[in-house]
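Report on the structure
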Amino acid sequence: MGSGRTPSQTIGPFFHDALLDKDRSELVPPDHPEAIRIVGTVYDSAGDPVPDAMVEIWHADRAGRYDHENFSGFGRSDTVDGGSFSFVTVKPGPVAGPDGEMQAPHVMVSVFARGLLKRVVTRIYFPDEGEANASDPVLSFMEDAAFRETLIARDEGDALRFDIRLQGENQTAFFEL
Amino acid sequence: MKEMREQSPGGVVGSRRGDPPYLAPDYVATRLRAPKEPLIILPSTLSDTTGPAYGRAPVGELDNDLTRQHEGEPLGERIIVHGRVTDGDGRPVRGSLIEVWQANAAGRYTHHLDRHPAPLDSNFSGAGRCLTDDEGRYRFVTVKPGAYPWKNHHNAWRPAHIHFSLFGEAFRSRLITQMYFPGDPLFWQDPIFNSVRDEKARQRLISSFDLETTVPEWALAYRFDIVLEGRRATPMEDH
């Protein structure tokens, strides 16, 4: 029953040299024909950027397969540049949901930071997937449209923007696994 | 979908697993960063029962020895830190990446933002990595980190600790935590350690002195076993 599990503690402010020694923010090379850029800023409840967070992503490949062949699906970015993070990756395909129905394409996200005693977990959904998003089991569970919207990235032309608001007005929706 | 529901961010799910709540007001930095909206309980899917195969990441042979990364040996008390990583059912977590980082013996991190006026040690960077073996075991050689002050409250000091980052078998197993040393006189005043409300869970953050693993005339040893969330979701007790 999960008893005996080791509790989480904050990542603290001094993790960069240990965890970000190699750049893991590019899951595919920027000149990959299907490369997309996902950018965002982590904010606290005062609206100030959080420059000491670590953002990790995990997602399926174009065909909806996890950890397949040469595509690891894992990325890690700091936010030292004014609270902002950035990934170069490919858009994931749809993957099966809990009852066999399909989930809309999405990216799993973990945020660690000083002041977060455990990670927050959220998902990035894609703005050009209106139909799939409408039938996605997780998004359709969320009755509050504004809360649901916090999970959908915004198309900025050369990048998709996904800002993460840890607390306060327009707080991003977070999950308990 | 019948399984989905919401959960208060400070609620029982966190305490069921022994995790601290997001908001622990004594730890001041949580006040502006702890989410307050209800958490959505995510039914288990491939998205979280799979995870990064970080076991394939190249790990150097000496990456688990923090005392041999420079010309000379770091100052401080040389120690062995080892243990076993298992899931909630006691199964070993094999071939899984562990990353550690810590202050030097004087209580100073190499990080450029650490302003504590204690000496840096040119022979110590304080970062290491290793993979668990087939029994889930890991082993690091390092020096015992010093305590250091921080500005959370008047005369605040962090107990000596080593940061641990673990991947486990799945996205849902991911854990970042801190290992403490037995008998530290600073526990009572540390809001990070005490953010874990459950006494038994809190004790699981403290390593034990391990005489058997001590290497005579060379190094003392501490044992820190780690239990991760398994690949499958923990059943709900109150469902």
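Residues numbered from 1 in each chain as written. Chains lettered and ligands numbered in written order. Predicted model: local features only at pLDDT ≥ 70, side-chain atom pairs only at ≥ 80, totals over all residues.

Turning our eyes to something else, we now look at the overall build of chain A. The helix and strand tally for chain A stands at 4 helices and 12 strands. Expected size for 177 residues packed as a compact globule is a radius of gyration near 16 Å; at 16 Å, chain A falls within 12% of this value. Dimensions of chain A, computed from the C-alpha atoms along their principal axes, are close to 40 × 40 × 40 Å. Out of the 177 residues belonging to chain A, those deemed buried represent 46%. Once local pairs closer than 6 in sequence are excluded, the contacts in chain A between residues at least 24 apart make up 69%. (Helix = DSSP H or I, 4+ residues; strand = E, 2+ residues; numbered from the N terminus. Rg over C-alpha atoms; globule rule 2.2 N^0.38 Å. Buried ≥ 20, exposed ≤ 12 C-beta atoms within 10 Å, placed from the backbone. Contact = placed C-beta atoms within 7 Å.)

Once that is clear, we can look at the pairing of strand E5 (residues 127–131) of chain B. Residues and elements named next belong to chain B. Within E5, 4 of the 5 residues are buried, which leaves the element mostly enclosed by the surrounding structure. With 5 bridges joining them, strand E4 (residues 97–102) and E5 adopt antiparallel strand pairing. Looking at the pairing, Trp-101 lines up with Ala-127 of E5. (Pairing = 2+ DSSP bridges.)

Moving on to the domain arrangement of chain B. All names here are of chain B. By the assigned domains, chain B splits into domain 1 (1–42) and domain 2 (52–228). Placing a centre on the C-alpha atoms of domain 1 and another on those of domain 2 gives a separation of 26 Å. In this assembly, 7 residues from domain 1 lie in contact with 8 residues from domain 2. Here the residues of the side of domain 1 that touches domain 2 sort into 4 nonpolar, 2 polar and 1 charged. (Domains from an automatic or database assignment. Nonpolar A, V, L, I, M, F, W, Y, C, P; charged D, E, K, R; others polar.)

Facing 65 residues of chain B, the contacting portion of chain A comprises 56 residues. Secondary-structure elements contributing two or more residues to the side of chain B that touches chain A are helix H1 (12–16), strand E2 (39–41), helix H2 (46–49), E4, strand E9 (161–166), strand E10 (175–180) and strand E13 (226–228) of chain B. Per element, the largest residue contribution to the side of chain B that touches chain A is 4 residues, and it comes from E10 of chain B. Counted by class, the side of chain B that touches chain A contains 32 nonpolar, 18 polar and 15 charged residues.

For the rest of this paragraph, the subject is the sheet that holds E9 of chain B. Residue and element names in this part refer to chain B. Taken in spatial order, the 4 strands make up an open sheet running E5-E4-E9-E10, and their pairing is antiparallel. Every interior strand has two partners, whereas the edge strands, E5 and E10, have only one. In this sheet, adjacent strand axes meet at a mean angle of 25° when their direction is disregarded. (Axes fitted to C-alpha atoms, helices over the stretch in contact; angles between N-to-C directions.)

The next thing to look at is unusual backbone geometry. Phi at Asp-67 of chain A is positive, roughly 50°, even though this residue is not glycine. Turning to its location among the elements, Asp-67 of chain A is positioned in the loop between strand E2 (53–58) and strand E3 (74–78). Judged by local crowding, Asp-67 of chain A falls into the partly exposed class, with 16 C-beta atoms found within 10 Å. A positive phi angle is found at Asn-155 of chain B, which is not glycine, with a value near 55°. Topologically, Asn-155 of chain B is positioned in the loop between strand E7 (148–150) and strand E8 (156–158). In this structure Asn-155 of chain B comes out as exposed when scored by C-beta crowding, with 6 C-beta atoms within 10 Å.

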